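Letter by letter, the chains look like this.
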Amino acid sequence: MRGLYIHIPFCISKCRYCDFYSLTAVPELLDRYVDALLAEADSYNGGDFDTLYIGGGTPSLLGSERLEKLVNGLSRRFDLEDIRESTIEVNPESAGRDFLATAYSMNIRRVSIGAQSLNAEELRKAGRVHDRRQVLDAVDAALASGFQNISTDVMIGLPGQTAQSLGNTLNIIIGAGVNHISAYCLSIEEGTAFFRCPPPDLPGEDDQASLYESAVDILGAHGFAHYEISNFALPGFKCQHNLNYWRGGEYIGLGPAAASHIGGKRFRNAPCLERYLDDPSSTREEEERLDDRRKVGEEAMLRLRLIEEGLDIKEMAGKYGQTSINSLEARLDDLVSRRLLVRDGHVFRLIPGSVLTSNSVFIDVIG
Amino acid sequence: MNNLRNFSIIAHIDHGKSTLADRILEMTGMVRKTSMDQMLDSMDLERERGITIKAKSVRMPYKSADGNEYILNLIDTPGHVDFSYEVSRSLKACEGAVLLVDATQGVEAQTIANANLALDAGLKIIPVINKIDLPNAMIDDCSLQIYTMLGLGIEDILHVSAKDGRGVAELLEAIVERILPPSGSVSDPLKCLIFDSFYDPYRGVIPHLRVFSGHIASGDRIMLKSSEKIFEIEEVGYFSLGLARSEHVQAGEVGYAVALIRDAGEIHVGDTIVAADHPEVPAIPGFRMSQPMVYCGVYPIITSDYAKLGAALEKFKLNDSSVVFEKENSAALGYGYRMGFLGMLHMEIALERLKREYEQDIIATMPSVIYRVFLKDDEILMLDNPSKFPPEGEIDHIEEPIIRTRIIVPSDYVGPCMELSDAKRGVLVGIEHPDDRRAILVYDLPLSEMITDFYDRLKSVSRGYASMDYEMHGYRAGDLVKVDILVNNGAVDALSYIAPKEGAAVRGRALIHKLSKTIPKHLFKIPLQAAIGSQVIAREDIFPRRKDVLAKCYGGDITRKRKLLEKQKEGKKKMKMVGFVEVPQEAFLSLMKIED
């Protein structure tokens with residue numbers, strides 16, 4: 001499995017919780033940016049991929065023409081024939097029917113809508129630039145454009161959020177016809193507006209935990225499988241591109257701040273648009289080659305995030321050799337004896353009720 | 001001998017002693033204009049904390065204004081109350097002392113204590129006001145304080161700026177003019193004072209000496225007066241910036257001797273060295289073995305590192321013979337050591353050095369003083385570890401060590417300082433008013449209050465203006481009880497402490513509350529209790545952690561998330577497992593710095 005990620009680092013304005021690399025969009029800059037992405041793609045001299053994910057930022061700010069140019073350009077440079085899933089992220093305010101129709105015509109079949117909430121107050125406090133109506137319009141537009149695979153992001157722990165408001169958000173979104181939901185717990189990251197000026201009505205850690213648990217219940221009741229810590233899907237709608245991350249697969253990321261994992265190396269492009277536009281293929285940094293111990297620990301940590309699938313120790317042994325796996329297995333068994341993991345044959349899984357405290361487990365898993 | 005001058009610089013902490021030493025080294029041509037600040041403080045820790053821990057000395061050539069050539073021996077002294085015995089021995093090696101007073105701060109408690117030590121040693125004192133370059137220098141006020149509080153002549157006071165070098169030349173002249181040359185006869189039998197020592201891994205313990213009579217040279221057989229042990233001298237020499245070998249060191253001079261002394265316990269500061277064939281030469285008065293005042297348990301974080309820690313302590317003791325340690329066993333922490341120190345600063349420095357220089361991952365328990373426990377069956381126990389106290393029913397009464405402290409404070413803050421001292425069970429001995437703006441409070445205070453947070457609180461109630469100094473002042477009976485701390489329903493012996501019965505519940509609650517904030521949340525509920533015997537006086541629960549998950553983890557995050565986990569794992573390694581509970585170092589010290 002191999003994924004291709006394209007980062008579109010432009011937004012209309014910065015959300016108050018966001019620490020992703022993003023800038024305000026200017027049309028002239030967008031044109032140059034698409035060229036730069038294709039130039040970086042050139043530097044890879046081909047490659048074949050199973051999934052494509054155009055994320056951001058706000059990819060829908062590209063507009064139809066640039067999206068066409070981008071996807072066409074990528075298909076000339078890479079082998080995208082066997083793509084099993086291709087996703088584009090859109091924000092409600094820029095997810096017009098034209099754009100979605102263009103995306104569909106470019107063989108993009110999955111759309112991920114950055115909704116975050118359907119509560120007006122919560123949206124306002126988070127600094128979102130859209131309202132509730134626009135979220136539902138975006139879902140409708142996606143359906144009307146032919147998309148059958150629709151995901152939305154929902155945020156848990158927004159200022160002023162209650163179990164009831166979160167429940168409303170989820171119920172309305174599910175009712176609108178989405179089949180995948182990513183529900184993230186808000187974390188206050190350095191460099192964000194929330195970090196500089198924490199809102200007074202921010203739910204505390206325990207409140208966040210309760211909100212999360214209520215979300216798990218609601219989604220479960222609607223038949224969504226809790227397949228990853230923050231991800232829920234109706235049968236057949238798990239995100240293949242992201243599953244590849246959690247299974248330790250390879251991927252290439254294009255664009256500033258985009259990360260790659262290929263040929264045993266991890267690296268990312270510098271989070272600097274100026275440098276990227278200047279020379280798209282030479283801003284790599286933080287390159288590291290993981291030794292086996294790290295690699296095994298890291299992949300184990302990632303795979304355990306997959307709540308249902310879990311970590312198959314036999315599969316890991318097949319990939320890394322039994323000797324590399326021995327100490328991992330001992331660590332995992334120790335966690336089982338401490339009742340922090342369950343073992344079922346050769347598969348280890350998080351205990352469903354303790355998903356929220358999985359950090360305590362991961363610390364011991366990474367070795 | 002007439003061209004020799006042996007002197008020290010003494011001062012309250014931060015009054016500029018090390019900076020002045022640097023300027024003197026420059027002006028005598030020992031070092032070039034500062035490439036490195038504070039030459040004499042060679043330990044990293046000393047420089048970081050801005051204090052001199054171990055005394056060191058340096059021999060400098062000096063040509064005076066009238067063209068005469070002199071040898072100056074600057075003997076550096078530790079600048080803290082924990083080391084006042086060491087200071088007194090260093091001063092004993094001198095004929096004079098430069099008493100430094102910060103022009104912006106004036107005479108402070110340790111200025112007085114040090115001046116008294118110098119007068120006791122019969123030294124000529126040169127009073128010097130430092131930091132005259134600062135805009136807020138109060139030279140006239142300082143002069144008056146030196147006169148009224150120390151009884152020194154205003155006309156004798158020199159004004160310097162150790163920082164920019166102003167007045168330092170005049171100071172050097174005053175040193176050769178005012179300080180007497182050493183007396184003592186080279187032809188008399190050998191008598192020298194050990195005023196410091198250090199450990200060299202190849203040559204053993206190397207004592208610093210002041211020769212009072214006779215001379216010492218390689219091949220000499222010498223005797224230590226305290227133990228009557230005999231050693232053969234391999235090498236002697238002077239202190240340049242390093243060691244400078246010489247043929248002999250003779251009466252009046254300061255130097256070192258190498259005698260392949262492997263055991264640091266053989267050499268005690270204050271001991272006298274005489275010639276082996278003249279054992280009748282009397283010892284220099286004032287010698288005493290250094291006496292630990294404060295004890296704490298030191299445990300490896302990982303139980304299996306116990307042997308490694310023992311080896312490190314053995315090595316550490318070679319460098320610092322004033323620490324003591326012995327094996328100790330704690331039900332909660334496993335095998336470890338009980339260490340004794342001269343005082344709190346000494347303890348902090350020693351523990352920090354163990355961690356840094358000796359790379360030991362350790363947990364230190366709450367420091368304790370030595371209690372005299374009188375049992376009903378007439379037995380008396382000296383106990384430095386609360387967990388070793390007998391059951392309350394067997395105890396007749398308990399006595400605790402007392403210090404006499406001298407607190408210098410601006411008049412405006414006398415009230416708060418007295419309130420604090422009273423709250424800390426102090427007994428007022430006297431109040432002096434050296435001038436109309438400052439008061440000197442003399443209190444007798446339990447040492448145990450001093451080692452918790454007295455000094456910090458004093459600084460805070462006086463907005464930093466109070467300074468203090470103290471000396472040991474015997475024992476006093478106290479209405480004391482042992483308080484046990486239970487974590488997750490098990491008593492943690494290393495957290496037990498001795499406290500006055502009055503207010504024990506209030507303090508217990510404060511401690512439990514602090515512990516509840518210090519011990520991280522776990523995946524299960526942790527009850528915390530304080531108890532006197534079987535009576536619970538305080539309780540709080542640490543509720544289980546409900547959420548620690550890393551919510552998002554996609555492509556670009558993986559490396560960062562892994563590093564975050566690795567960092568958290570490192571943090572975890574710094575905690576000690578007590579039963580199933582991870583307890584960080586701060587928890588063991590939480591009795592200190594409790595806000596009442």
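**Student:** Just to check I follow, could you spell out the overall build of chain A for this structure?
**Tutor:** Within chain A one finds 14 helices and 17 strands. Here the C-alpha radius of gyration of chain A, 21 Å, is about what a compact globule of 367 residues would show, namely 21 Å. Residue burial in chain A is summarised as follows: out of 367 residues, 48% are buried. In chain A, the proportion of contacts linking residues at least 24 apart, taken out of those at least 6 apart, comes to 73%.

**Student:** Just to check I follow, could you spell out the sheet that holds strand E5 (residues 124–130) of chain B for this structure?
**Tutor:** Residue and element names in this part refer to chain B. Reading across the sheet, the 6 strands line up as E2-E3-E1-E4-E5-E6 and stay open at both edges, with mixed pairing between neighbours. Strands with a single pairing partner mark the edges of an open sheet, and in this sheet they are strand E2 (57–63) and strand E6 (158–159). Two elements, strand E4 (residues 96–102) and E5, share 7 bridges in a ladder whose sense is parallel. Directly across from leucine 99, in E5, lies its bridge partner proline 127. Strands E4, E5 and E6 of the sheet are contacted by helix H5 (residues 139–150), whose axis makes an angle of about 160° with E5.

**Student:** Any chance you could explain the domain arrangement of chain A here in plain terms?
**Tutor:** When the parts of a complex come together, some accessible area is lost, and that lost area is often used as the size of the interface. Residues and elements named next belong to chain A. Partitioning chain A into structural domains gives domain 1 (2–244) and domain 2 (292–367). Placing a centre on the C-alpha atoms of domain 1 and another on those of domain 2 gives a separation of 29 Å. The partner domain 2 presents 7 residues to the 7 residues of domain 1 that form the contact. Counting residues per element, the ones that place at least two in the side of domain 1 that touches domain 2 are helix H8 (205–221) and strand E9 (225–228). Top element by residues in the side of domain 1 that touches domain 2 is E9. It accounts for 4 residues. Here the side of domain 1 that touches domain 2 is built from residues that sort into 5 nonpolar, 1 polar and 1 charged.

**Student:** In this structure, what is going on with the domain arrangement of chain B? I would like to understand it.
**Tutor:** Under the domain assignment used here, chain B contains domain 1 (4–178), domain 2 (191–275), domain 3 (294–364), domain 4 (372–478) and domain 5 (481–588). For domain 2 of chain B versus domain 4 of chain B, the separation of C-alpha centres amounts to 39 Å.

**Student:** In this structure, what is going on with the interface of chain A and chain B? I would like to understand it.
**Tutor:** Counting from both sides, the interface comprises 34 residues of chain A and, opposite them, 21 residues of chain B. Of all the secondary-structure elements, those providing two or more residues to the side of chain A that touches chain B are strand E8 (180–185), H8, helix H9 (240–246), strand E11 (250–254), strand E13 (265–269), strand E14 (284–289), helix H11 (292–304) and helix H14 (358–365) of chain A. Take the side of chain A that touches chain B: its biggest share by element is 5 residues, from H14 of chain A. Class assignment of the residues belonging to the side of chain A that touches chain B gives a composition of 17 nonpolar, 9 polar and 8 charged.

**Student:** How should I be thinking about the pairing of strand E24 (residues 427–432) of chain B in this particular structure?
**Tutor:** Successive residues of a regular strand alternate their side chains across the two faces of the sheet. Residues and elements named next belong to chain B. In terms of burial, E24 is a largely surface element, 0 of the 6 residues being buried. Bridging between E24 and strand E25 (residues 438–446) involves 5 bridges; their strand directions are antiparallel. Looking across to E25, one finds that leucine 428 is bridged to tyrosine 443. Where E24 hands over to E25, the hairpin turn is made up of 5 residues, counted between the paired strands.

**Student:** Whenever I open this one, the sheet that holds strand E11 (residues 230–232) of chain B confuses me. Can you help?
**Tutor:** The strands that make up a sheet are held in pairs by hydrogen bonds between backbone atoms, and each pair lies either parallel or antiparallel. All names here are of chain B. What the 8 strands build is an open sheet, ordered E11-E10-E16-E7-E8-E15-E12-E13; its pairing is antiparallel. Where the open sheet ends on each side, the last strands, each with one partner, are E11 and strand E13 (243–246). Going across the sheet, the axis of each strand differs from the next one's by a mean of 40°, ignoring polarity. Judged from the 3 bridges that link them, strand E7 (residues 191–200) and strand E16 (residues 272–275) form a sheet pairing that is antiparallel. Paired with lysine 191 across the two strands is valine 274, which belongs to E16.

**Student:** Whenever I open this one, the nonpolar core confuses me. Can you help?
**Tutor:** Across soluble globular proteins, nonpolar side chains have a tendency to be buried as a group. Counting residues in hydrophobic clusters, the biggest one holds 162 residues, and the most contacted among them are Ala97, Val98, Leu99, Ala118, Val128, Leu209 and Ile407 of chain B. Looking at this core element by element, the count peaks at 7 residues for helix H8 (residues 344–356) of chain B. Look past the residues within four positions of leucine 99 of chain B in its chain and what remains in contact with it is Ile10, Asn114, Ala115, Ala118, Ile125, Ile126, Pro127 and Val128 of chain B. In this structure, Met155, Leu254, Val361 and Ile363 of chain A belong to the second largest nonpolar core, which totals 107 residues.

**Student:** Help me understand unusual backbone geometry in this model?
**Tutor:** A negative phi holds for most residues other than glycine; trans holds for most peptide bonds. Following glycine 56 of chain A, the chain continues to glycine 57 of chain A via a peptide bond in cis, the omega torsion being 20°. Among the structural elements, glycine 57 of chain A can be located in the loop between strand E4 (51–56) and helix H2 (63–77). Within the chain, arginine 425 of chain B stands out as a residue other than glycine whose phi angle is a positive 65°. Mapped onto the fold, arginine 425 of chain B is located in the loop between helix H9 (414–423) and E24. A count of 20 C-beta atoms within 10 Å places arginine 425 of chain B in the buried class.

**Student:** Honestly, helix H6 (residues 163–176) of chain A in this entry has me stumped. Any pointers?
**Tutor:** Each full turn of the α-helix corresponds to 3.6 residues, which orients residues three or four apart in the same direction. Residues and elements named next belong to chain A. The end-to-end C-alpha distance of H6, which contains 14 residues, comes to 20 Å, matching closely the 20 Å that a straight helix rising 1.5 Å per residue would cover. All buried positions along H6 are accounted for by Leu166, Thr169, Leu170, Ile173, Ile174 and Ala176. Down the axis, H6 shows its buried residues gathered within 160° of arc, on one side only. Those residues of H6 that are exposed and aimed more than 90 degrees away from the buried face are Gln164 and Gly175. Buried-residue contacts for H6 involve strand E6 (110–116), helix H5 (132–144), strand E7 (149–156), E8 and H8. Glycine 177 sits one or two positions beyond H6 and adopts a positive phi of about 110°.

**Student:** Explain the environment of glutamate 232 of chain B to me, please; I cannot follow it from the model alone.
**Tutor:** Residues and elements named next belong to chain B. With respect to the secondary-structure elements, glutamate 232 resides in strand E11. On the basis of neighbour counts, which here come to 12 C-beta atoms within 10 Å, the residue glutamate 232 falls in the exposed class. Not counting residues within four places of it along the chain, the set of residues in contact with glutamate 232 comprises Arg221 and Ala259.

**Student:** Sorry if this is basic, but what is going on with the pairing of E11 of chain A here?
**Tutor:** Residue and element names in this part refer to chain A. Counting buried positions along E11 yields 4 of 5 residues, so the element is predominantly enclosed. By the bridge criterion, 5 bridges tie strand E1 (residues 2–8) to E11 in an arrangement that is parallel. Looking at the pairing, arginine 2 lines up with glutamate 250 of E11.

**Student:** I'm lost on the environment of leucine 136 of chain A in this one. Help?
**Tutor:** With respect to the secondary-structure elements, leucine 136 of chain A resides in helix H5. Through-space distance from the C-alpha of leucine 136 of chain A to that of glycine 177 of chain A is 9.8 Å; in sequence the pair is 41 residues apart.

**Student:** Is there a simple way to explain the packing of helix H3 (residues 84–92) of chain B against helix H4 (residues 109–120) of chain B in this structure?
**Tutor:** When two helices pack together, their arrangement is captured by the angle between the axes and the distance separating the axes. Residues and elements named next belong to chain B. Following both chains from N to C, one finds H3 and H4 inclined at 40°, their axes separated by 9 Å at the closest point. One way to sum up the angle between H3 and H4 is to call them oblique. Once H3 is placed against H4, the crossing between them reads as right-handed. Along the contact surface, H3 presents Ser84, Val87, Ser88 and Leu91, while H4 presents Ala113, Asn114, Leu117 and Ala118. Counted by class, the contact of H3 with H4 contains 5 nonpolar, 3 polar and no charged residues.

Parameters and conventions
Residues numbered from 1 in each chain as written. Chains lettered and ligands numbered in written order. Predicted model: local features only at pLDDT ≥ 70, side-chain atom pairs only at ≥ 80, totals over all residues. Helix = DSSP H or I, 4+ residues; strand = E, 2+ residues; numbered from the N terminus. Rg over C-alpha atoms; globule rule 2.2 N^0.38 Å. Buried ≥ 20, exposed ≤ 12 C-beta atoms within 10 Å, placed from the backbone. Contact = placed C-beta atoms within 7 Å. Pairing = 2+ DSSP bridges. Axes fitted to C-alpha atoms, helices over the stretch in contact; angles between N-to-C directions. Domains from an automatic or database assignment. Nonpolar A, V, L, I, M, F, W, Y, C, P; charged D, E, K, R; others polar. Core = buried A, V, L, I, M, F, W, Y, C linked by C-beta atoms within 7 Å. Expected span 1.5 Å × (residues − 1). Arc of directions from axis to C-beta. Parallel < 35°, antiparallel > 145°, perpendicular 65-115°, else oblique. Left-handed = near helix turned anticlockwise from the far one by under 90°.

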